[in-house]
Amino acid sequence: MDNSTDKKAQVASRLPVPPKRKRVLSDENQEQMQRKRLRSSLEAELPTVRVAASIATSRPRAAPIAALPKPQVIGRQSLAVIRPKNSIPGVTSAAFSGKPKVSASATQPAAISGDKKKRAAWDLKGQVSDMRDKVTNYKGKVQNLSGENVRLQNSKDKLLRDVEMLTSENTKLSKERCTLESQLQEVRQQVSALEREVARLTELCQRQEHTLSSQSISIEELQGANTSLTKQLLDKDVKLVCVSGENTSLKHTVKEQTDEIAALTVSVAEKDTEVHNLDTERRRLHNLVQELKGNIRVFCRVRPTLTQEKELPAGHISYPSNDDKAVVLSKMEESHVGREKKDAVKYDFNFDCVFPPSCSQESVFEEISLLVQSALDGYPVCIFAYGQTGSGKTYTMEGPEDITDDTIGMIPRAIGQIFSSAEELKAKGWQFTFTASFLEIYNETLRDLLINRPDKKLEYEIRKVNSSNSQLYVTNLRYVEVSSVEEVHDLLRIAKANRSVAKTAINDRSSRSHSVFQLRIEGENKQRDLKTSSVLSLIDLAGSERLDRSLSSGDRLKETQCINTSLSTLGMVITSLCNKDSHIPYRNSKLTYLLQNSLGGNAKVLMFVNISPLEENFAESLNSLRFASKVNECVIGTARANRK
């Protein structure tokens, strides 16, 4: 205490004595000057105390417990005491345990300041001395806190080492736990498998027991049955002795029947050969009959008068009663001078057959059925209807619009006969395949009638299959393989809907094109190693007409010209065949070029000439009959079957 007082005295003695000034300052100015000096001296002398950063990071922040001493009042204003940065007064080790305690040293300045009297504002030395005491007190607190920090740091290191040791031990225990869990899982799986095996064995044992019991019952039943069978066996042995004797006699009978069967087999083979020879002879005789009738035959058919034609004159056609192959056209001529009537001029015609208006479709087909049969025998057959427009060609070949069983035309009837005859020939070892096509020739242009919407870009050309074969085909034409009559009828309906027809002055529904239906027939007899190939062509020609009567113009005129030209070419081809010319003008028309294999010497041709019963059509009927008469006089040679 003495030293402190001496130091204070020395400091007081060293303070400068302000000189006397003439002007005396006011009390407030003096107090301000004293405050500034005190602050500057405190800032120079007070040390900056910082608490180590480890304390702030290793423990929670504790609020200061002991309050700093209140600032002393110097004069009228208080002088604030500047506390060092980061200092935590009054904090001990108890702050880390969550229970803050107030140290005795922290409370001491407050007690002292409370006991001491307040210094006067002018006693700056005293105030400085008090501040130094406070600084000394704070330094002691800092030393205590540093020691506490070191102790806590050591405790932290020890705890970290303990944590590392426990962590490693925990890791080891975790690995052991995982191993034990995997072993436990394996054991559980083994136990589950064993339980399933035990269940399976238990079920198997139960089934075995059930089976054993059922087999025991079966054994008992079999033993009973065995007893009865033993008795029956004894009876059978007795019967066997009797049957053995019968068997010996039956063996002799079987031997005799085997010899008889062998003889019958030889007889059947001979009969089969004989049947084949007879069938071949039948084909030869059938063909001979057809040749005797002529390979080009002409049938004349007169259509009946329609209801709307009853009032029109129709008496110029007569039929001799003693000759069913003749037809007579007669016409009354008038004198040009006196207009006197002369005797009727008669025109007599003879054909292979004449059908008056009363003849039905069935009776007409009976005359051509033998010719249709020739197509199955391997001969190319061509049947076409010729005549003026409205003479009944389409009715003859296809039938009317409302078809019935009685009015079916020649095309569907011929198809029906072909398929029925092919079915009968299957018993003789023949197998047939049929391919149908239907086209029309309109203005010398080929059209496919089996396509509803033809592509205008497609071109239809008649070509040969190859250079070594005379067989023809049409490019891009639809060829349909058929196996029943119904399929062919469907094709006929499609073609009929697509055919080109138009109204003219002579006929309300005139066919303006030649329709050509062809059925290619391929036959094979594997037993006899025979093959046949032929084409059945059924044609409805467009109606011929005179331009002065039809009054055609525009498209109808062009159609009429093309029709008449192609029909004229057909007549020239037939005439050339009759004359056996070296050149046959097949290429002059698409119709004759397509039918060249069906018109030549290897084919059988039948022509229907259709005429109208009305007198107004006398000139057209006369021209048609004259053309047909020329065709009937032709002899194109002997037809040969296309067989291999």
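Residues numbered from 1 in each chain as written. Predicted model: local features only at pLDDT ≥ 70, side-chain atom pairs only at ≥ 80, totals over all residues. Heavy atoms only, no water.

Draft legend 1. Structural detail: the nonpolar core. Counting 50 residues, the largest nonpolar core has Phe-351, Phe-384, Met-607 and Val-609 as the members making the most contacts within it. In terms of residues, this core owes the most to one element, helix 11 (residues 555-579), which gives 7 residues. The residues contacting Phe-351, other than those within four sequence positions of it, are Val-298, Cys-300, Lys-325, Val-327, Leu-625, Ala-628, Ser-629 and Asn-632. Met-410, Trp-430, Ala-436 and Leu-450 belong to the second-largest nonpolar core, a separate cluster that totals 42 residues. (Core = buried A, V, L, I, M, F, W, Y, C linked by side-chain atoms within 4.5 Å. Buried < 20%, exposed > 50% of the residue type's maximum accessible area, 1.4 Å probe, protein only. Helix = DSSP H or I, 4+ residues; strand = E, 2+ residues; numbered from the N terminus. Contact = heavy atoms within 4.5 Å.)

Draft legend 2. Main features of a nonpolar patch on the surface. Together, Val-465, Tyr-473 and Tyr-479 make up an exposed nonpolar region whose accessible area comes to about 250 Å². Note on placement: Tyr-479 falls in the loop between strand 12 (469-474) and strand 13 (480-482). (Patch = residues over 30% accessible without salt bridge, like charges linked within 9 Å, V, L, I, M, F, W, Y side chains within 5 Å. Areas by Shrake-Rupley, 256 points an atom, 1.4 Å probe, with all protein chains shown as cover. Salt bridge = Lys/Arg side-chain N within 4 Å of Asp/Glu carboxyl O.)

Draft legend 3. Quick peek at the packing of helix 8 (residues 410-425) against helix 9 (residues 485-498). It is the contact of helix 8 with helix 9, at a shortest axis distance of 10 Å, that shows an interaxial angle of 160°. By the criterion of interaxial angle, the relationship of helix 8 to helix 9 is roughly antiparallel. Along this stretch, helix 8 crosses helix 9, giving a crossing that reads as right-handed. Here helix 8 contributes Ile-411, Pro-412, Ile-415, Gly-416 and Phe-419 to the contact with helix 9, which in turn contributes Val-485, Val-488, His-489 and Leu-492. Among the residues making up the contact of helix 8 with helix 9, the classes are represented as 7 nonpolar, 2 polar and no charged. (Axes fitted to C-alpha atoms, helices over the stretch in contact; angles between N-to-C directions. Parallel < 35°, antiparallel > 145°, perpendicular 65-115°, else oblique. Left-handed = near helix turned anticlockwise from the far one by under 90°. Nonpolar A, V, L, I, M, F, W, Y, C, P; charged D, E, K, R; others polar.)

Draft legend 4. Quick peek at the packing of helix 6 (residues 361-376) against helix 8. The interhelical angle for the contact between helix 6 and helix 8, taken along N-to-C directions, is 50°, at an axis separation of 9 Å. The angle between helix 6 and helix 8 places the two elements in the oblique class. For the pair helix 6 and helix 8, the crossing hand works out as right-handed. Between helix 6 and helix 8, the contacting residues are Gln-361, Glu-362, Val-364, Phe-365, Ile-368, Ser-369, Val-372, Gln-373, Ala-375 and Leu-376 on the first element and Met-410, Arg-413, Ala-414, Gln-417, Ile-418, Ser-421, Ala-422 and Leu-425 on the second. Among the residues making up the contact of helix 6 with helix 8, the classes are represented as 11 nonpolar, 5 polar and 2 charged.

Draft legend 5. Region of interest: the pattern of salt bridges. Applying the stated criterion across every chain, the model contains 10 salt bridges. A salt bridge links Arg-447 to Glu-440; the shortest N-O distance between them is 3.6 Å. Residue class for Arg-447 comes out partly exposed when judged on its relative accessible area of 36%.

Such coordinate-based values are descriptive only and should not be taken to indicate function.
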